[in-house]
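Structural description and commentary
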Amino acid sequence: MVDEPNSAPTAGGAAGDPPSGVVALLRVAAVMVDPDGRIALWNRAAEELFGHRAEVACGRTASGLLPAVEPRPETGAPRPGTPPRRCDALDTLDDLTRPDAAWSGAMAVVDREERLRDVIWWAYPLVEPAGRSLLALAADARPLRAGGPRIALGERLLAYAAAPAATGAFHRVSPAFAPVGPGGAAQLDGLLPRGSEERRRRLLGQVAAAGVPALWVDAATRLPVLPYEPAGRGAARVAAGLVRRYPTPQQRADRPRAARRPADPAAPGGRRTIGLQVLPAGAPRGAEDGRGIGTTVPGQRESGAVTANGQSQGGPAIESTANGTAPVRAAVGSAPPQGRSDGPDGHPYDTPGVPAPPAPPSVEVLTVSQAGEQLALLSEVGNRVGTTLDLDTTARELCEVLVPRVADFACVDLLDGLISDSELPDERPDDRTMLRRVARAVNSSPGHWDHVLDEGALLAMPRSTPPGLALQENQPVLVPVIDPDVAVDYAASLGGGPDLVPVVVGRSMLVLPLSARGTVLGILKLLRLPDRSPFDKSDAATLKELAARAALSLDNARLHRAESRVATTLQRSMIPTRPPRIPGVQIAHRYLPGDSRAEVGGDWFDAIQLPGSRVALVVGDVMGHGLHSAAAMGRFRTAMQTLAALDLPPGQLLRHLDNLAHKLGDDHLATCLYAVYDPINRTCELASAGHVPPVLVHPDGRGELLEIPEGAPIGVGGVPFVAKRIDVSDGSMLVMCTDGLVEVRGGDIGEGLAALCGNLIDPKQTPDEACDTVLERLHTDDRADDVALLVARFDGVPPSEVATWELAVAEGEVRRARSLVRGQLATWGLDAVDDTVELLVSELVTNAVRVARDHVQLQLIRVDKLLVEVSDDNHNLPSLEPAGSLDEHGRGLHLVSKLAERWGTARKAVGKVVWFELALPRG
């Protein structure tokens, strides 16, 4: 969506037409994933809602960008007491949409700042020439559930519904789809990527066919959603284009005359006094080169800026007069030449006829009551700000301390790069620096401040505004009274639009930089209403000390967030977020950290696809906690995946893993359970390295604790690992977990296992539901150990979907293989891929009979795709090598790589297997 100043809502017809009927006005985030799985669209509302900037999101892989809590049927939220089920938002939306059906619902998302946000979604599958894309529209559900949607009735824009939030009248607001109006889906045009007119019409047509976004506000009311841009969003960009109103040479020449007569509002460039003052902490700008700063405007009251310890501060106090901006007094100890002064940008300009400034006055004296009040305020900030290491909470505490005690409005805007990346910027802030509103507080009716940007909004503050000047100069900026002539500009500097002007006029503004350890983190904006005395330099000095203390708390929270993000990123990179889709088995898993403040530990799980549609199921636990255990876990998991690719028997695999652990030189020990399920033969082979035994839930609901030779933990060495093979029935479930789930303080681990073996899991449940049931019944908040849980439901592959043939080691078998494949594909009704499969099977069987000694096997499996495997007893893996146009050999794998969707090779216990996959023909 394009941010335009003062943009009006549009719906139904062409842009600019008033909305038809009653619609809900929503700030809508738009995300589009192209057929390649990459982000193709990420609008400004998505930046504000999810925290990721568009330049970072666009072009990257969508998977993994937005962690989420998977929605539940009907409610869209987890049951009370049930641990959240983590997933990836965009991957889940892609799964929930079908080629002919859009999806709407609630799904909480973890934003860039690691906050869980309640989000409602509308997801559209879009068919394009390059493939299927996904258009995901989202809105922040928190304000909707609190006070209902803002609505538009024709040309009238109405405030939030009057029902009090305390009644919970809107907590059931939910997304839906509505039929399009007479104008089609034109109101969504701004949410689509820019492109040709033909593509725009095609995409809008598909959206219209599915229905435009809507909201159910109660059982009988469904309001179509109108994406709109609040005026404040445009005003923030207007502020970025404001020009500096520093005095021109003619204005400086006219200044003495202007000082003797009232300002003429009609005069070119005429402006009333607004009293913009920059209050530095130490030596003024320009003191380094001996020029000094400032002159005194005749009649201007002189006062020194006072720090917390009562010392006078000199500096460039900038005063905007009717003819422009003029300095109000000189720096302490500086004596600039008569007729010469420095402007606010540091460049000197001449002021002919203006006398040199008098000596600065003595330091202002604070009364006992004033000093006591300031000390009490600083003490309260120390006690109430920074009580946690959460950045948002710290900023909110700062605003709540200041409102209403010091100001009637306060907001904290921090550098967006600091929020999104937790890294200090390399460059000083400039006019292009983006700020993100982190917290705000008001001391009046909230309706007066509805036009100020909400928390999470992005804005740019150039140097021509008080906030921009404070940010770039790292100096407090004081505006004693905001004049009506510049109220529009100052409303924009607050992130508001023209509707905020009446609220701003006559107010007193103070902007304080939030600087810690030599770096500006952001700014603190304060406003006082006219019924209070304006801010003065004494206030500025005290509040500057307050801001410095608060900035340290914010920086500590930033450092803590960066450290936690490193640990969390490490953990998430090592644990799969989505179970693989493997024919014949359904898999679900959960991970719960022992320390909720740092989601990092040594437990892990995995599901690895093996040749023949088999799957390896792994659960492991590195002893200990923290980053060291997580790093060791990452090495063990990587080694496990590498060894599993060799298709070793479970006992041999654990033996190799134990040997590798000694070579890595780690002192960490790890328990591990490794199981291989064969959906064709319906067997499961398991081996344990000192791990908690698994539970097999039979189709009749009976739970069985499997007795497996324990072995010793990985890293002990010298202990054999013995595997056990069992037959499993279709519909049974295997439950594998770490000891953090079943350990009972002061009790035997067998008690937890006995509970797990009880009538806890219904075989009719899905693995996801089984995971939730187990965690709800067995996991408690007082457990300090990590928990890894994996549940696999064994469905098997029907014998009718598998065809296996043993071939002789003879070149004549290639023709027989083609004939067998042709007949089987005809039986399955897959004649559309007959020629391709015959060609590829011919190439692979030819290679196999040339190198095999006495065994070649051909297998076809039809599941959600066609899987073809050719095995032989030669362990040397073939490789894809370049072949010339006239070469007679080496072209088989090239054909496989070009014509198959996926292909690969793997070693088996004896020999190897070469496989490829093809999509089943549609219809």
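This text goes with the structure placed above it.
All values derive from a computational prediction rather than experimental measurement.

**Concerning the packing of aromatic side chains**
Going through the model one piece at a time under the given rule, you end up with 5 aromatic pairs. Through successive ring pairs, a cluster of aromatic residues spans Trp42, Phe50 and Trp121.

**Looking at the nonpolar core**
Grouped burial of nonpolar side chains is what soluble globular proteins tend to show. If you look at the biggest cluster of nonpolar residues, it comprises 63 residues, and the most contacted ones within it are Leu398, Leu414, Leu514, Leu526 and Leu543. Sort the elements by how many residues they give to this core and helix α14 (residues 537-574) lands first, with 8 residues. Those residues in contact with leucine 526 that lie beyond four places of it in its chain are Leu402, Ala407, Phe409, Ala410, Ser508, Met509, Leu510, Leu512, Phe535 and Leu543. By size, the runner-up hydrophobic cluster in this structure holds 53 residues, among which are Phe605, Leu686, Ile714 and Phe721.

**A closer look at the pattern of salt bridges**
Scanning all chains against the criterion turns up 42 salt bridges. Residue arginine 682 is joined to aspartate 730 by a salt bridge in which the shortest nitrogen-to-oxygen separation is 3.0 Å. Of this pair, arginine 682 sits in the loop between β32 (670-678) and β33 (683-689) while aspartate 730 sits in the loop between β36 (724-727) and β37 (732-737); the two residues are 48 residues apart in sequence, bridging distant segments of the chain. Between arginine 902 and glutamate 917 there is a salt bridge, and its shortest N-O distance comes to 2.9 Å. Note that arginine 902 is positioned in strand β42 (residues 902-907) and glutamate 917 in strand β43 (residues 912-919), a separation of 15 residues in sequence. Overall, the relative accessible area of 42% leaves arginine 902 in the partly exposed class. Through salt bridges with shared partners, a single ionic network connects Arg44, Glu47, Arg53, Glu55, Asp416 and Arg436.

**Concerning the side chain of glutamate 801**
Note on placement: glutamate 801 falls in the loop between β38 (787-794) and β39 (802-807). The exposure class assigned to glutamate 801 is buried, which follows from its relative accessible area of 15%. Ignoring any residue separated from it by four or fewer positions in sequence, one finds glutamate 801 in contact with Trp828, Leu860, Ile861 and Arg862.

**Quick notes on helix α9 (residues 391-402)**
Given 3.6 residues per turn, any residue in an α-helix points the same way as the ones three and four places further on. With 12 residues, α9 should reach 16 Å at 1.5 Å per residue; the first-to-last C-alpha distance of 17 Å fits that figure. Within the sequence span of α9, burial applies to Leu391, Asp392, Thr394, Ala395, Glu397, Leu398, Cys399, Val401 and Leu402. Of the residues flanking the start of α9, the one acting as N-cap is aspartate 390, its side-chain oxygen 3.3 Å from the backbone nitrogen of aspartate 392.

**Some words on the packing of helix α20 (residues 813-828) against helix α21 (residues 834-851)**
Angle between the axes and distance between the axes are the two parameters that describe a pair of packed helices. Across the interface, α20 lies against α21 with an axial gap of 9 Å and an inter-helix angle of 150 degrees. Taken as axis vectors, α20 and α21 run roughly antiparallel relative to one another. Regarding α20 and α21, the two cross each other, and that crossing is right-handed. The residues of α21 that touch α20, namely those facing Glu813, Val814, Ala817, Arg818, Val821, Arg822 and Leu825, are Asp834, Val837, Glu838, Val841, Ser842, Val845 and Thr846. Classifying every residue of the contact of α20 with α21 by side-chain character gives 7 nonpolar, 2 polar and 5 charged.

**Describing the sheet that holds strand β30 (residues 603-610)**
Reading across the sheet, the 5 strands line up as β30-β31-β32-β33-β36 and stay open at both edges, with antiparallel pairing between neighbours. Of all the strands in the sheet, just β30 and β36 have a single pairing partner and so form its edges. When strand polarity is set aside, the average angle formed by the axes of neighbouring strands in this sheet is 15 degrees. For β30 and strand β31 (residues 614-622), the ladder comprises 8 bridges, and the chain directions are antiparallel. Residue pairing for β31: phenylalanine 605 is matched across the bridge by valine 619. Packing against the sheet, helix α15 (residues 626-645) makes contact with β30, β31 and β32, and its axis sits at approximately 15 degrees to β30.

**Comments concerning helix α22 (residues 892-899)**
Inspection of α22 places Gly892, Leu893 and Val896 among the buried residues, and these make up the whole buried set. End-on, the buried residues of α22 take up no more than an arc of 90 degrees, which puts them together on one face. Looking at the packing, one finds that the buried side of α22 touches α21, β42 and β43.

**Focus: the packing of α21 against α22**
Orientation of α21 relative to α22, taken along the N-to-C sense of each, is 145 degrees, at an axis distance of 9 Å. Like other packed secondary-structure pairs, α21 and α22 cross with a definite hand, here left-handed. For the pair formed by α21 and α22, the contact residues are Thr836, Leu839, Leu840, Glu843 and Leu844 on the first element and Gly892, Leu893, Leu895, Val896 and Leu899 on the second. Its residues assigned to classes, the contact of α21 with α22 comprises 7 nonpolar, 2 polar and 1 charged.

**Digging into the sheet that holds β42**
The antiparallel open sheet is built from 5 strands, whose spatial order is β39-β40-β41-β43-β42. This sheet does not close on itself; its edge strands, each paired only once, are β39 and β42. Strand-to-strand twist across the sheet, computed as the mean angle between neighbouring axes with direction ignored, equals 15 degrees. Each of β39, β40 (856-862), β41 (865-872) and β43 touches α21; the most contacted strand, β41, lies at about 15 degrees to it.

Definitions and limits used
- Residues numbered from 1 in each chain as written.
- Predicted model: local features only at pLDDT ≥ 70, side-chain atom pairs only at ≥ 80, totals over all residues.
- Heavy atoms only, no water.
- Phe/Tyr/Trp six-rings, centres within 6.5 Å; stacked < 30°, edge-to-face > 60°.
- Core = buried A, V, L, I, M, F, W, Y, C linked by side-chain atoms within 4.5 Å.
- Buried < 20%, exposed > 50% of the residue type's maximum accessible area, 1.4 Å probe, protein only.
- Helix = DSSP H or I, 4+ residues; strand = E, 2+ residues; numbered from the N terminus.
- Contact = heavy atoms within 4.5 Å.
- Salt bridge = Lys/Arg side-chain N within 4 Å of Asp/Glu carboxyl O.
- Expected span 1.5 Å × (residues − 1).
- Polar contact = N/O pair within 3.5 Å; in protein donor to acceptor, adjacent residues only side chain to side chain.
- Axes fitted to C-alpha atoms, helices over the stretch in contact; angles between N-to-C directions.
- Parallel < 35°, antiparallel > 145°, perpendicular 65-115°, else oblique.
- Left-handed = near helix turned anticlockwise from the far one by under 90°.
- Nonpolar A, V, L, I, M, F, W, Y, C, P; charged D, E, K, R; others polar.
- Pairing = 2+ DSSP bridges.
- Arc of directions from axis to C-beta.

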